[in-house]
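# Coordinates in review
Spelled out, the chains give:
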Amino acid sequence: MLQKTGNGALKKWVWYGAAAGVISSTVIGGTFVAIYYSVKATIMTNAGMMIFEGIFSLLASFFLTYLGIGFLRFADLERKWTTKLFTNDV
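Treat the numbers as computed from the prediction; the structure is a model and nothing was measured. (Residues numbered from 1 in each chain as written. Predicted model: local features only at pLDDT ≥ 70, side-chain atom pairs only at ≥ 80, totals over all residues. Heavy atoms only, no water.)

### Examining the overall build of the chain
Secondary structure assignment for the chain yields 2 helices and 0 strands. For 90 residues, the compact-globule estimate of 2.2 N^0.38 gives 12 Å, and the C-alpha radius of gyration of the chain, at 21 Å, exceeds that figure by more than 25%. With the C-alpha coordinates aligned to their principal axes, the bounding extent of the chain is approximately 65 × 30 × 10 Å. When the accessible surface of the chain is totalled, it reaches about 7,900 Å², and 71% of it is carbon and sulfur. (Helix = DSSP H or I, 4+ residues; strand = E, 2+ residues; numbered from the N terminus. Rg over C-alpha atoms; globule rule 2.2 N^0.38 Å. Areas by Shrake-Rupley, 256 points an atom, 1.4 Å probe, with all protein chains shown as cover.)

Encoded structure:
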């Protein structure tokens, strides 16, 4: 796609961005896992653990809902940008 639009020189930056995304996701995920196990082992009782898991479940449902809405809008954006990129109407 970058070659077709004349932006082939930006290919390495796309790969850098992808690598940065994978690394940051791994770090953030590892941080949440570390917090979970440290809190579970030291502080939480059974009731407190249920509350902790409930809060993370709510956070996950909000993130997934936001992601789902973004995917529903993606089809319109894809059509719009394909038209802009591959026609000379700019």
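### Some points on the packing of helix 1 (residues 11-42) against helix 2 (residues 46-86)
Contact pair helix 1 / helix 2: the axes reach a minimum separation of 11 Å and the direction vectors enclose 165 degrees. With respect to helix 2, the axis of helix 1 lies roughly antiparallel. Between helix 1 and helix 2 the crossing geometry is right-handed. Here Phe32, Ile35, Tyr36 and Lys40 of helix 1 come into contact with helix 2, specifically with Met49, Phe52, Glu53 and Phe56. Residues of the contact of helix 1 with helix 2, tallied by class, amount to 6 nonpolar, no polar and 2 charged. (Axes fitted to C-alpha atoms, helices over the stretch in contact; angles between N-to-C directions. Parallel < 35°, antiparallel > 145°, perpendicular 65-115°, else oblique. Left-handed = near helix turned anticlockwise from the far one by under 90°. Contact = heavy atoms within 4.5 Å. Nonpolar A, V, L, I, M, F, W, Y, C, P; charged D, E, K, R; others polar.)

### Comments concerning helix 2
Compared with an ideal rise of 1.5 Å per residue, which puts 41 residues at 60 Å, helix 2 spans 58 Å between its outermost C-alpha atoms and is within 8% of the ideal. Within helix 2, the axis deviates most sharply at Phe74, by approximately 35 degrees. Buried within helix 2 are the following residues: Gly48, Met49 and Phe52. Packing partners of the buried residues in helix 2 comprise helix 1. (Expected span 1.5 Å × (residues − 1). Bend = angle between axes of the 7 residues up to and from the residue. Buried < 20%, exposed > 50% of the residue type's maximum accessible area, 1.4 Å probe, protein only.)

### Some remarks on the packing of aromatic side chains
Considering all chains together, one arrives at 3 aromatic pairs under this definition. Ring geometry for Trp13 against Tyr16: centres 5.2 Å apart, planes inclined by 85 degrees, an arrangement best described as edge-to-face. Of this pair, Trp13 and Tyr16 both sit in helix 1, 3 residues apart, which is roughly one turn of that helix. Relative to Tyr37, the ring of Tyr36 has its centre 5.1 Å away and its plane inclined at 80 degrees; by these criteria the two rings are edge-to-face. (Phe/Tyr/Trp six-rings, centres within 6.5 Å; stacked < 30°, edge-to-face > 60°.)

### Some thoughts on the environment of Asp76
With respect to the secondary-structure elements, Asp76 resides in helix 2. With 26 residues separating them in the primary sequence, Asp76 and Met50 have C-alpha atoms 40 Å apart.

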